[in-house]
Amino acid sequence: MILDKKGKIGGKISIIDIAVILAVLIVIAGIGMRYSSKITNSVQSDAEFEYTIKIDGVRIYTVDALQKKGAITDKTSEKNMGEIIDVDVSPAMVESVTANGEIIYAERPGYYTCLVTVRAHGKESDENYILDDTTELSVGRSVDFFSKYIKTSGLIMSVKVL
């Protein structure tokens, strides 16, 4: 028989010893996978980006604060995300359903939609764009940021390499 009376395999190694060794190997493999990410391994070149953030349904004081431009910073990591270079403002629209089931869009009084263009420096990889602080720029990603004048969030609508 493989197990003896003390629960050891061949009289030397117990089942608990094997479980501990397997757990340590799994942890080492997890750490290895975490630090061998594609984001850091497949970086091709330094690049300058312009990306557009859509901020929907804001009041005039938010628009005024965005118009002052300046550097923006990520809310959580507090790393530089670039500098606002342009702000395009339009009235906010709200979706509404009529009595006959037709969907219409109507202007929402006192609220605005801002398309904020940000210029930043980062790296271009095979699959995505990365800011210097390892923040990934991808269309559809929600970003929370702040500047000297404002704290807000929006959705990345476009990214282009300059």
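Computed from a prediction, not measured in an experiment: that's the story for all the values here.

A word on the overall build of the protein. For the protein, the count of helices and strands is three helices and 10 strands. Start at the N end of the protein and walk to the C end: the helices and strands fall as β-β-α-α-β-α-β-β-β-β-β-β-β. Going through the 162 residues of the protein one by one, you find that 28% of them count as buried. Considering only contacts within the protein whose residues lie at least 6 apart along the sequence, 64% involve residues at least 24 apart. Counting only carbon and sulfur atoms, one obtains 56% of the accessible surface of the protein, whose full area is about 10700 Å².

In this section: helix 3 (residues 60–67). Every α-helix carries 3.6 residues per turn, so stepping three or four residues along brings you back to the same face. If you check which residues of helix 3 are buried, you get Thr62, Val63, Ala65 and Leu66. Down the axis of helix 3, the smallest arc covering the buried residues is 165°, so these residues share one side. Lys69, located one to two residues past helix 3, shows a positive phi value of around 60°.

Looking now at the pattern of salt bridges. Counted by the stated rule, this structure contains three salt bridges. With a shortest N-O distance of 2.4 Å, Asp46 and Lys123 are connected by a salt bridge. Remark: Lys123 occurs in strand 6 (residues 103–125) and Asp46 occurs in strand 3 (residues 43–58); sequence separation between them is 77 residues. For Lys123, a relative accessible area of 31% corresponds to the partly exposed category. The salt bridge involving Glu50 is made with Lys160; its shortest N-O contact spans 3.9 Å.

Definitions and limits used
- Residues numbered from 1 in each chain as written.
- Predicted model: local features only at pLDDT ≥ 70, side-chain atom pairs only at ≥ 80, totals over all residues.
- Heavy atoms only, no water.
- Helix = DSSP H or I, 4+ residues; strand = E, 2+ residues; numbered from the N terminus.
- Buried < 20%, exposed > 50% of the residue type's maximum accessible area, 1.4 Å probe, protein only.
- Contact = heavy atoms within 4.5 Å.
- Areas by Shrake-Rupley, 256 points an atom, 1.4 Å probe, with all protein chains shown as cover.
- Arc of directions from axis to C-beta.
- Salt bridge = Lys/Arg side-chain N within 4 Å of Asp/Glu carboxyl O.

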